[in-house]
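Topology and contacts: notes
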Amino acid sequence: MTTLDIIVDLQYGDSGKGKVAHFLCQKNNLKKKYTHVVRYNGGGNAGHTIFHKGVKFVTHQIPVGVFFGIKSIIGPGCALDPETFFEEIRALEKGGIKTKGKIFVAKNVHVVTNSHKEEDGGDKKIGTTKRGIGPMYRDKYARTGVRAESVPELKPYLIDMYEEFQIKNKKAVVLGEGAQGFGLDIDWGAYPYVTSSHCTSAGALLNGFPPQSVRDVWGVGKAYETYVGLKDFEPKNEPVFEKIRELGQEFGATTGRARQCNWFDMSLLEKAARINGVTKLVINKIDVLNRAGVWKIREGKKVTNFRGPEPMKAYIRKRLAASGLSAKNIFFSESAETV
Ligand code: IMP
Ligand code: MG
């Protein structure tokens, strides 16, 4: 049976999933190396910032496996934009990454068309990334969409998920790379301020993986929260968020928009960890709070102030212990390049 590790964002995206995916592929801290990396949701709306051998890359649709010569598949849960897909391949090649024979597209993934992008470009309601995501998923579910298998340019990249994982490679070890996050999930986010795909660990299974194949679910969060979109998110009159935005470089990797900031929401993280079945957790960007010199956690309207990073970490560990996550499976990161 295939083994599947899932990376899932517990907040609003931009928590550093790309870095964690890169770390897991690179470190091979696992008994067996990954044979495949599969992106399981979202599309060109995502922006994963990755430092590979010290060089910064931003990927949108192509899974991080490509940096290591691991088969990298855009799964059927995604929204594939062929135009930016080819641009991304060119950018990777230009950066010295060998992509030939490593990138694949599920034949049943739906594609984003120009008319989807035009329609989404006019969005003023929720503040989308204008990448055609909503209209594409709408057409998919309305049964009027277009699948990759009917796009001639994509032919060389097509892969059948069933053949690949149930017939050809019964012992595959797969990393499922998610996009966006729990707070943006179509079902669990603050509807309608959400994206249109399934950003939970369940969304990874929809790409053709049986529940029994799951080994670990790597939940990823950040020491404070950020959100991009039209919902009011950042508390007013708190200049500290300006500082955190600058220190944390909280500007969209896809759209360049300034991300709204807020304190770490303990209830959201707890809920997301439970619903996603998180077994390993990474909290990124502790270093940003250290440099800002503030450590706070919110819970509903209540904001708790900590004297330093250690008491904040201890509190998070204690709270998550109640959800069955032991301290040895919780990692706090202070580096943009590693976990
Ligand atoms: P859409 O996914 O472009 O339809 O946008 C819906 C909402 O999700 C908007 O608030 C976007 O800013 C947000 N969003 C989509 N993708 C990402 C992402 O990768 N990171 C953070 N926010 C995102
Ligand atoms: Mg991002």
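To be clear, the structure that these remarks concern was listed above.
Now for a description of the structure that goes with this document. Note that the structure is predicted; figures quoted are calculated from it, not measured. Each chain carries its own residue numbering, running from 1 in the direction its sequence is written. Chains and ligands are labelled sequentially in the order written, the chains with letters from A and the ligands with numbers from 1. Only residues with pLDDT of at least 70 are given local features in this predicted model, and only at 80 or more are side-chain atom pairs given and counted; all residues enter the totals for whole chains, interfaces and linings. Remark: hydrogens and water are excluded; side-chain values derive from all non-hydrogen atoms of the structure.

**Some words on the sheet that holds strand 15 (residues 295-299)**
Think of it this way: DSSP has to see at least two bridges between two strands before they count as a pair. Comment: elements are numbered from the N terminus, with helices defined as DSSP H or I runs of at least four residues and strands as E runs of at least two. With mixed pairing, the four strands of this open sheet are ordered in space as 12-13-15-16. The two strands at the open ends of the sheet, each matched to only one other strand, are strand 12 (224-227) and strand 16 (302-306). On average, adjacent strands in this sheet sit at an angle of 45° to one another, irrespective of strand direction. Packing against the sheet, helix 7 (residues 240-247) makes contact with strand 12 and strand 13 (260-265), and its axis sits at approximately 95° to strand 13. By the convention used here, residues are in contact when the closest approach between their heavy atoms is within 4.5 Å. Under this scheme, a helix contributes an axis fitted over its contacting stretch, all axes are lines through C-alpha atoms, and angles between N-to-C directions fall in the 0 to 180 degree range. Sheet strands in contact with helix 8 (residues 266-276) are strand 12, strand 13 and strand 15, and its direction is about 70° off that of strand 13.

**Considering the pairing of strand 15**
The buried label goes to any residue with under 20% of its type's maximum accessible area, the exposed label to any with over 50%, and the partly exposed label to all in between, with areas taken from a 1.4 Å probe on protein chains only. Of all five residues in strand 15, four are buried, a share of seventy percent or more. For strand 13 and strand 15, the ladder comprises two bridges, and the chain directions are parallel. Its bridge partner being in strand 15, F264 is matched across the sheet by I297. Note that strand 15 and strand 16 share five bridges and pair antiparallel. Directly across from I297, in strand 16, lies its bridge partner T304. With antiparallel pairing between neighbouring strands as the criterion, strand 15 and strand 16 make up a hairpin whose turn holds two residues, including G300 at a positive phi of roughly 60°.

**A word on the packing of helix 3 (residues 114-121) against helix 4 (residues 133-141)**
Two numbers describe how helix 3 lies on helix 4: the axes approach to 7 Å, and their chain directions differ by 125°. When the axes of helix 3 and helix 4 are compared, the pair comes out oblique. Taken together, the residues of helix 4 that come into contact with helix 3 (itself represented by H116, E119 and D120) are I133, P135, M136, R138 and D139. Along the lines of polarity and charge, the residues of the contact of helix 3 with helix 4 split into three nonpolar, one polar and four charged. Oblique is the label for every angle not falling under 35 degrees (roughly parallel), over 145 degrees (roughly antiparallel), or within 65 to 115 degrees (roughly perpendicular). Amino acid classes used here: Ala, Val, Leu, Ile, Met, Phe, Trp, Tyr, Cys and Pro are nonpolar; Asp, Glu, Lys and Arg are charged; the rest, including Gly, are polar.

**Some details on the site of ligand 1**
Neighbouring ligand 1 are 18 residues; N45, T129, T195, V228 and R257 lie closest to it. Within 3.5 Å is the distance limit for a polar contact, defined as a pair of N or O atoms, with the added protein rule that one can donate a hydrogen and the other accept it, and that residues adjacent in sequence qualify only through two side-chain atoms. Interatomic distance of 3.1 Å between a side-chain N/O atom of Q180 and a nitrogen atom of ligand 1. Between an oxygen atom of ligand 1 and a side-chain N or O atom of R257, the distance comes to 2.9 Å. Values of accessible area rely on a 1.4 Å probe in the Shrake-Rupley scheme; residue burial ignores everything except the protein chains shown. When the free accessible area of ligand 1 is taken as 460 Å², the share hidden by the protein chains comes to 96%. The residue makeup of the shell around ligand 1, split by class, is eight nonpolar, eight polar and two charged. To be near a molecule or strand, a residue needs just one of its heavy atoms within 4 Å of it.

**Topic: the sheet that holds strand 10 (residues 173-177)**
The sheet built from nine strands is open, its strands ordered 9-7-5-2-10-1-11-14-17 with parallel pairing. Of all strands in the sheet, those with a lone pairing partner are strand 9 (158-159) and strand 17 (330-332), marking the two edges. Pairing of strand 1 (residues 3-9) with strand 11 (residues 214-222) involves five bridges; the strand directions are parallel. Bridging across to strand 11, V8 finds its partner in G219. Docked against the sheet, helix 10 (residues 309-321) engages strand 14 (280-284) and strand 17, running at close to 160° with respect to strand 17.

**Examining the environment of S326**
As for its placement among the helices and strands, S326 is situated in the loop between helix 10 and strand 17. What makes S326 partly exposed here is its relative accessible area of 31%. With 123 residues separating them in the primary sequence, S326 and G203 have C-alpha atoms 25 Å apart.

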